[in-house]
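Chains, contacts and geometry: an overview
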Amino acid sequence: MAKNKTVFFCKECGFESAKWLGQCPGCRQWDSFVEEPVVKKSAISARRLNITNEPKPLSGIKAEEEERFPCGIEELDRVLGGGIVPSSLVLVGGDPGIGKSTLLLQLCREIVNKQKKVLYISGEESLNQIKMRAERLGVFHGELLLLCETNLDLIEETIRKQKPDIVVIDSIQTMFKEEISSAPGSVGQVREATGTLMRIAKGFGVTIFIIGHVTKEGVVAGPRVLEHMVDTVLYFEGDNHASYRVLRAVKNRFGSTNEIGVFEMRGNGLVEVKNPSEFMLKGRPEGEAGSVVAASIEGTRPLLVEVQALVCRTNFNMPRRTAAGTDYNRVNLLMAVLEKRLGFQMADCDAYVNVAGGMRITEPALDLAIVTAILSSYKNIPLDDKTVLFGEVGLTGEIRAVNMAEQRVMEASKLGFEVCILPQANKEHIKSHAKGMKLIGVRNIQEVMGVLGR
Ligand code: TYD
Ligand code: MG
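Residues numbered from 1 in each chain as written. Chains lettered and ligands numbered in written order. Predicted model: local features only at pLDDT ≥ 70, side-chain atom pairs only at ≥ 80, totals over all residues. Heavy atoms only, no water.

Description of the domain arrangement of the protein chain
How big an interface is tends to be expressed through the accessible area that disappears when the partners come together. Operational definition: Delimitation of the domains relies on an automatic or database domain assignment. Contacts are assigned to residue pairs with any non-hydrogen atoms lying within 4.5 Å of each other. A quick way to say it: buried area is the sum, across both parts, of accessible area lost when two parts are put together, with a 1.4 Å probe. By definition here, a salt bridge exists when the distance from a side-chain nitrogen of Lys or Arg to a carboxyl oxygen of Asp or Glu is within 4 Å. Nitrogen and oxygen atoms within 3.5 Å of one another constitute a polar contact, given that in protein one can donate a hydrogen and the other can accept it, and given that sequence-neighbouring residues count only through two side-chain atoms.
Looking at the protein chain, the domain boundaries give domain 1 (6–37), domain 2 (67–274) and domain 3 (279–453). Placing the centre of domain 2 and that of domain 3 at their C-alpha centroids yields a distance of 38 Å. Every contact between the two is made by 15 residues of domain 2 and, on the other side, ten residues of domain 3. Here domain 2 packs against domain 3, burying approximately 970 Å² in sum over the two surfaces, 53% of which is carbon and sulfur. The interface formed by domain 2 and domain 3 holds two salt bridges in total. Our count for the contact surface shared by domain 2 and domain 3 stands at four residue pairs in polar contact (both at pLDDT 80 or more).

What follows is the structure, encoded as structure tokens:
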């Protein structure tokens, strides 16, 4: 009898190998290979849909703008690039418990209220549990169809019969195809299930939202394996200790990536945060050394955040440095620049840098705020409360221009800030700035020091 063959897959990127490898050649992840039985290819390709698929000349194809319809949740529409594109496949990933099911149930509510047909398929919760959650979220005006099912062949049948406009699959890790012998959640099953859903989406013209749990370790395949198979990948993230959640597009075939939507988790579901800057700056200490406000950009959206630094003498041979919410290496680099260019003895100082509110920001425009927060804490000079900063700091201590300066200034002005410290190169190009906003252009960190010591 023929031996059952197995192959090895990388849990992170889906790389396939005949033997087990310690490090994945595809994504360089260590210890990510799992063994899976080989699937007979004929079993998969046998059930083809009857779509005629002939090559067409490029000139014969009329370019049509993808028609899309807004779902009604503004923050979500923005992240999707302006609304839901028919027959697209959208993956919503995130840690367990972050609120993915809640978000998509709210999406369902908005869509059924627009008299569209929505099918919510859950492999994780019972009908009763979903009903209870729906009751917390408020009134559903239209009729939402619920199905508790994990077998994809049956799901395909249901979609064929019901012809919904939108389908939600609550979690890809619970779905399985019978032809494949490995357990639901394994790399093989997740890949096959996504392939099937892709076929359904394109074949029946339905938009499918797939929920996927991101797991760093463990047996369940991370949705990263399927990122390249779907049209749009959204990540829902947030701090476990904070109530706000950020929805981020990391891949979008129909719009720009790096757009964010901000939500707050309340007792009755997720509430859109229309003005995240205000939300982020809530409870900021005023007149304290080491706390500054940075004007940052997330996607196309300005976002003001508080950057805090605490610099103090170290008690150890090796100074401690931490960076929460920003890049650790960047903080080290900026401290080295301060040491070299301003002659400060930072080698014997502990430094803790924190982007308050649990946001994670890695854009270089945050440099100037980090540097100023460190200087402010080191020198014990508080910065004026109504001052906001942005700019990139180079290795020679020069302050370099960043993009979208005007939007940053406008956002700061909207929130009542009066002074903006920015790269001189940017200042020269800002034509229409808000009244009452004083712009201070700086060329290098010596000038920043001068501004701080006024
Ligand atoms: P859930 O959507 O089940 O997360 P996921 O599907 O990503 O695993 O929601 C998780 C948490 O949200 C849960 O711990 C309870 C909380 N929650 C609220 O705070 N308010 C609400 O109205 C709802 C529905 C959930
Ligand atoms: Mg869930």
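Structure's up, so let's keep going.
Some thoughts on the packing of helix α5 (residues 152–162) against helix α6 (residues 187–204)
What counts, and what does not: Between N-to-C directions, angles span 0 to 180 degrees; the directions come from axes that are lines fitted to C-alpha atoms, helices contributing only their stretch in contact. Each helix corresponds to a stretch of at least 4 residues labelled H or I by DSSP, and each strand to a stretch of at least 2 residues labelled E; elements are numbered beginning at the N terminus. For this classification, under 35 degrees means roughly parallel, over 145 means roughly antiparallel, 65 to 115 means roughly perpendicular, and everything else is oblique. Note on residue categories: nonpolar means Ala, Val, Leu, Ile, Met, Phe, Trp, Tyr, Cys or Pro, charged means Asp, Glu, Lys or Arg, and polar means any other residue, Gly included.
At a closest axis distance of 11 Å, the pairing of α5 and α6 adopts a crossing angle of 10 degrees. Relative to α6, the element α5 is oriented roughly parallel. Across the interface between the two elements, Leu152, Glu156, Ile159 and Arg160 from α5 touch Ala193, Thr196, Leu197, Arg199, Ile200 and Phe204 from α6. Looking at side-chain class alone, the contact of α5 with α6 contains six nonpolar, one polar and three charged residues.

A short note on the site of ligand 1
Note the threshold: Being near a molecule or strand, for a residue, comes down to having at least one heavy atom within 4 Å of it. Here, Shrake-Rupley sampling with a 1.4 Å probe gives the accessible areas, and only protein chains in the shown set may cover a residue.
The environment of ligand 1 is made up of 15 residues, and the closest members are Gly97, Ser101, Thr102, Arg266 and Gly269. The separation between an oxygen atom of ligand 1 and a polar main-chain atom of Gly97 is 2.7 Å. Arg266 is positioned with one of its backbone polar atoms (N or O) 2.7 Å from a nitrogen atom of ligand 1. In the complex, 75% of the free accessible area of ligand 1, which totals 560 Å², lies under the protein chains. Only α3 (100–113), α4 (127–137) and β11 (260–266) provide two or more residues apiece to the shell around ligand 1. Residue contributions to the shell around ligand 1 peak at three residues, all from α3.

Focus on the sheet that holds strand β2 (residues 16–17)
Definition in use: Pairing between strands is defined by DSSP: at least two bridges between them are needed.
With respect to topology, three strands assemble into an open sheet ordered β2-β1-β3, the strand pairing being antiparallel. Two strands close off the open sheet at either side, each with one partner strand: β2 and β3 (33–37). By the bridge criterion, two bridges tie strand β1 (residues 6–10) to β2 in an arrangement that is antiparallel. In the strand pairing of β2, Phe9 is matched with Glu16.

Some details on empty space enclosed by the protein
Formally: Grid spacing is 1 Å over the protein atoms alone, the probe is 1.4 Å, and a cavity is where that probe fits but cannot get out, while a pocket is an open set with protein on both sides within 12 Å along at least five of seven lines and lining residues have an atom within 4 Å of a point. Grid points are joined across faces, edges and corners, and a volume is the space filled by probe spheres set on the points.
Summed over all chains, the structure comprises four cavities of 30 Å³ or more. Computed from the structure, the largest cavity encloses a volume of approximately 60 Å³. What lines the largest cavity is Arg284, Pro285, Gly287, Glu288, Ser291, Val292, Val293, Leu383, Asp384, Asp385 and Thr387. A breakdown of the residues in the lining of the largest cavity according to their chemical character gives four nonpolar, three polar and four charged. Of the voids in this model, the second largest cavity is the one considered here, and its volume is about 50 Å³. For the second largest cavity, the full set of lining residues is Arg68, Leu80, Gly83, Ile84, Val85, Ser88, Val90, Phe209, Thr232, Asn252 and Phe254. Among the residues forming the lining of the second largest cavity, the class breakdown is six nonpolar, four polar and one charged.

As for the pattern of salt bridges
For the record, the criterion: Only protein chains enter the calculation, and the probe is 1.4 Å; a residue is then buried if its accessible area is under 20% of its type maximum, exposed if over 50%, and partly exposed in between.
Taken as a whole, this structure holds 23 salt bridges when the rule is applied. For Arg160, the salt bridge is made with Glu157, and the minimal N-O distance between the two is 3.5 Å. Here Glu157 and Arg160 lie together in helix α5, a separation of three residues that amounts to about one turn. When its relative accessible area of 34% is taken as the criterion, Glu157 is described as partly exposed. Shared partners join several salt bridges into a network, and the residues in it are Glu156, Glu157, Arg160 and Arg199.

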